[in-house]
Amino acid sequence: LAASPDVCEKAFAASQGNPLFFLWALRVLAVTPERDVDFTHNLEDYFGSVLGIASNNEDSEPIQRILSVLVAAGTPIDLPTLVAATSSTRLDILRSLDAIKDLVVVSDGKLSLMHKLILDYLSDPANFMALAQESIRAAHRALASIALAPATSYPAGMAAYHLLASDALDDLVTSIDAPGV
């Protein structure tokens, strides 16, 4: 990420030395150098502001599904898995990801939340912008189905975890004998 020395100084000052905030501030300021990036509050305030912008986006429902799947996965997943788990098209996913680009990172062709603190924030019902628990359980069910499907890139061994997390205990018992579970 290329930035001028002035932008770097402004980002560092706003982040108060926090590397997570610094990276976000740098990304934001690289696009809009005049933007106010005051992070003197706390992580929850920042996550809430980013998620508030995303939830007011016209594509907020797909964004919620994407975030739910990324929270449920807990580890990086590839785009085809995200497309299947959200029942969306690749184009819809890519459009929606633009609204949450400050929360998602792509590495080695896989997507994940940028930091574990984001996952914790999104899955904690006490937070204002947290995801609905039913939405996360639905994402776990979708990922379990993908894991149990033949010829998938998502590990079959994750099916039991996702079935348990989705409270699908009958399906978990049934799937115990499935290969790779």
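Residues numbered from 1 in each chain as written. Predicted model: local features only at pLDDT ≥ 70, side-chain atom pairs only at ≥ 80, totals over all residues. Heavy atoms only, no water.

1. Let's talk about the packing of helix 4 (residues 60–73) against helix 5 (residues 79–86)
The interhelical angle for the contact between helix 4 and helix 5, taken along N-to-C directions, is 120°, at an axis separation of 10 Å. Judged by the inter-axis angle, helix 4 sits oblique to helix 5. The two elements helix 4 and helix 5 meet at a crossing, and its hand is right-handed. Here Arg65, Ile66 and Val69 of helix 4 come into contact with helix 5, specifically with Leu82, Ala85 and Thr86. Classifying every residue of the contact of helix 4 with helix 5 gives four nonpolar, one polar and one charged. (Axes fitted to C-alpha atoms, helices over the stretch in contact; angles between N-to-C directions. Helix = DSSP H or I, 4+ residues; strand = E, 2+ residues; numbered from the N terminus. Parallel < 35°, antiparallel > 145°, perpendicular 65-115°, else oblique. Left-handed = near helix turned anticlockwise from the far one by under 90°. Contact = heavy atoms within 4.5 Å. Nonpolar A, V, L, I, M, F, W, Y, C, P; charged D, E, K, R; others polar.)

2. Things to note about helix 5
Within helix 5, six of the eight residues are buried, which leaves it mostly tucked inside the rest of the structure. Among all positions of helix 5, only Leu79, Thr81, Leu82, Val83, Ala85 and Thr86 are buried. Those residues of helix 5 that are buried lie in contact with helix 4, strand 1 (77–78), helix 6 (90–99), strand 3 (110–113) and helix 8 (133–148). At the exit of helix 5 stands Ser87, carrying a positive phi of roughly 55°. (Buried < 20%, exposed > 50% of the residue type's maximum accessible area, 1.4 Å probe, protein only.)

3. Re the pairing of strand 3
Strand direction decides the pairing type here: strand 1 and strand 3, joined by two bridges, are antiparallel. Along strand 3, the bridge assignment pairs Asp78 with Lys110. The sheet contact formed by strand 2 (residues 104–107) and strand 3 spans four bridges and is antiparallel. Directly across from Ser107, in strand 3, lies its bridge partner Lys110. The turn linking strand 2 back onto strand 3 is made up of two residues, and Asp108 within it adopts a positive phi angle of 55°. (Pairing = 2+ DSSP bridges.)

4. Quick word on the sheet that holds strand 3
An order of 1-3-2 is seen for the three strands of this open sheet, with the pairing classed as antiparallel. Both edges of this open sheet fall to strand 1 and strand 2, since each of them pairs with a single strand only. The sheet strands contacting helix 4 are strand 1, strand 2 and strand 3, and the helix crosses strand 3 at an angle near 90°.

Everything listed here is a matter of geometry and, on its own, says nothing about what the molecule does.
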